[in-house]
Amino acid sequence: MDLTEGYKEMLKKRLTPKRYTHTIGVAQTAAKLAGMYKVNVTKAHTAGLLHDYAKDMSNEELLDLAIENELMTDDLDVIMPQILHGAVGAFLLEREGIVDDPDILAAIRYHTTGHPDMNDLAKIIYIADYIEPGRDFKGVEKMRKVAYRSLEYGMLSGLDHTLMHLIHSAAYVHPLSIATRNRLIEQLNIKHCN
Ligand code: FE
Ligand code: FE
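Residues numbered from 1 in each chain as written. Chains lettered and ligands numbered in written order. Predicted model: local features only at pLDDT ≥ 70, side-chain atom pairs only at ≥ 80, totals over all residues. Heavy atoms only, no water.

**Some details on the coordination of the iron ion (ligand 1)**
- Here the iron ion (ligand 1) is held by the protein donor atoms Asp52 (OD), His85 (NE2) and His111 (NE2), which lie 2.0 to 2.2 Å from it.
- Along the chain, the residues donating to the iron ion (ligand 1) are arranged with the sequence spacing D-x32-H-x25-H.
- Separation of the iron ion (ligand 1) from the iron ion (ligand 2) amounts to 3.4 Å, with aspartate 52 serving as a shared donor to the pair. Of this pair, histidine 85 sits in helix H6 (residues 85-95) while histidine 111 sits in the loop between helix H7 (102-109) and helix H8 (120-131); the two residues are 26 residues apart in sequence, bridging distant segments of the chain. Across the pair, histidine 111 and histidine 85 agree in class, each one buried. (Donors = N, O, S within 2.8 Å, 3.2 Å for Na, K, Ca; no water. Helix = DSSP H or I, 4+ residues; strand = E, 2+ residues; numbered from the N terminus. Buried < 20%, exposed > 50% of the residue type's maximum accessible area, 1.4 Å probe, protein only.)

Written out as structure tokens, the structure is:
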């Protein structure tokens, strides 16, 4: 059995059928984006497959693991434990010896909040999570078009979608997401000035 098939078998046992289908969509979309943006396609596919490794764990499990292993990045993580499924997923995949590639681990770790230092692989996973074929929300078609034109604008479009949603729902915004957006704007300004 090749590595990918092994991952799939493992995920089938961990995730709900709906989430499993989502991860297949993210892996395929990430591989496609990676091909376009000259990022390692195998890494993108693997990171896509494994990005929601901890998603179907309970809030209590996520919090316990995060506290025990110092995975929190902000006090808000306690109020919104679901945000921890990125960091906990990366932690478990490394501890269980399933993944040792630091790029894949970082992409998984930061797919929930974003991070100002995200590399292209991490950006690809972040965007693929929004635009995989199973996603159907107002504006998804436009987001797909943007993502296939520019990695940074695609990322910005996904981030803004989340921020708008949080603002309209009078919800907290994670500081890492704000920092990520500010860094993206900086990167886009630099690109435009050259
Ligand atoms: Fe996720
Ligand atoms: Fe996801």
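**Quick notes on the packing of aromatic side chains**
- Applying the stated criterion to the full structure yields one aromatic pair.
- Between tyrosine 126 and tyrosine 130, the ring centres sit 5.4 Å apart and the planes meet at 50°, which makes this aromatic pair tilted. With tyrosine 126 and tyrosine 130 both in helix H8 and four residues apart, the pair spans about one turn of that helix. Side by side, tyrosine 126 and tyrosine 130 carry an identical accessibility label, which is buried.
- The ring of tyrosine 53 is capped by arginine 14, whose NZ or CZ atom sits 3.7 Å from the centre of that ring. (Phe/Tyr/Trp six-rings, centres within 6.5 Å; stacked < 30°, edge-to-face > 60°. Lys NZ or Arg CZ within 6 Å of the ring centre and 35° of its normal.)

**Focus: the coordination of the iron ion (ligand 2)**
- Binding of the iron ion (ligand 2) to the protein goes through His22 (NE2), His51 (NE2), Asp52 (OD) and Asp129 (OD), at separations of 2.2 to 2.3 Å.
- Here the iron ion (ligand 2) is ringed by four donor atoms whose angles at the metal span 79 to 171°, and the overall shape comes out irregular.
- Coordination of the iron ion (ligand 2) draws on donor residues from a single chain, spaced H-x28-H-D-x76-D in sequence.
- Taking relative accessible area as the criterion, aspartate 129 reaches 12% and is therefore assigned buried. (Tetrahedral: all angles 85-135°; square planar, octahedral: opposite > 155°, others 65-115°.)

**What to know about the environment of tyrosine 53**
- Take tyrosine 53: it is sitting in the loop between helix H3 (41-50) and helix H4 (59-68).
- In sequence terms tyrosine 53 and histidine 85 are 32 residues apart; their C-alpha atoms lie 7.7 Å from each other.

**Observations regarding unusual backbone geometry**
- Although it is not a glycine, lysine 38 sits at a positive phi angle of roughly 55°.
- Counting through the fold element by element, lysine 38 comes out in the loop between helix H2 (17-36) and H3.
- Residue glutamate 70 is not a glycine yet carries a positive backbone phi of 50°.
- Mapped onto the elements of the fold, glutamate 70 is located in the loop between H4 and helix H5 (76-79).
- Using a relative accessible area of 72% as the deciding quantity, one classes glutamate 70 as exposed.

**Section: the nonpolar core**
- Among the nonpolar cores identified, the biggest contains 56 residues, and Leu50, Val88 and Ile124 are the most heavily contacted of them.
- With nine residues, H8 is the single largest residue contributor to this core.
- If we ignore the near neighbours within four places in the chain, the residues touching valine 88 are Ala54, Met57, Leu62, Leu65, Ala66 and Leu71. (Core = buried A, V, L, I, M, F, W, Y, C linked by side-chain atoms within 4.5 Å. Contact = heavy atoms within 4.5 Å.)

**Examining the packing of helix H9 (residues 140-149) against helix H10 (residues 151-168)**
- Running from amino to carboxyl end, H9 crosses H10 at an angle of 150°, the nearest separation of the two axes being 5 Å. With respect to each other, H9 and H10 are oriented roughly antiparallel. Once H9 is placed against H10, the crossing between them reads as left-handed. Counting all contacts with H9, which are made through Met143, Val146, Ala147 and Arg149, the residues of H10 involved are Leu151, Tyr153, Gly154, Ser157, Gly158 and His161. (Axes fitted to C-alpha atoms, helices over the stretch in contact; angles between N-to-C directions. Parallel < 35°, antiparallel > 145°, perpendicular 65-115°, else oblique. Left-handed = near helix turned anticlockwise from the far one by under 90°.)

**Quick notes on a nonpolar patch on the surface**
- Taken together, the side chains of Val78, Ile79 and Tyr172 make up a nonpolar region of the molecular surface, amounting to roughly 300 Å² of accessible area.
- In this fold, valine 78 is placed in helix H5. (Patch = residues over 30% accessible without salt bridge, like charges linked within 9 Å, V, L, I, M, F, W, Y side chains within 5 Å. Areas by Shrake-Rupley, 256 points an atom, 1.4 Å probe, with all protein chains shown as cover. Salt bridge = Lys/Arg side-chain N within 4 Å of Asp/Glu carboxyl O.)

**Side note on H7**
- Those residues of H7 that sit buried are Ile104, Leu105, Ala107 and Ile108. Projection of H7 onto a plane perpendicular to its axis shows the buried side chains occupying an angular sector of 160°, all on one side.
- Where H7 is buried, its residues contact H3, H6 and H8.
- Looking at where H7 begins, the residue whose side-chain oxygen comes 2.8 Å from the main-chain nitrogen of aspartate 103 is aspartate 101. (Arc of directions from axis to C-beta. Polar contact = N/O pair within 3.5 Å; in protein donor to acceptor, adjacent residues only side chain to side chain.)

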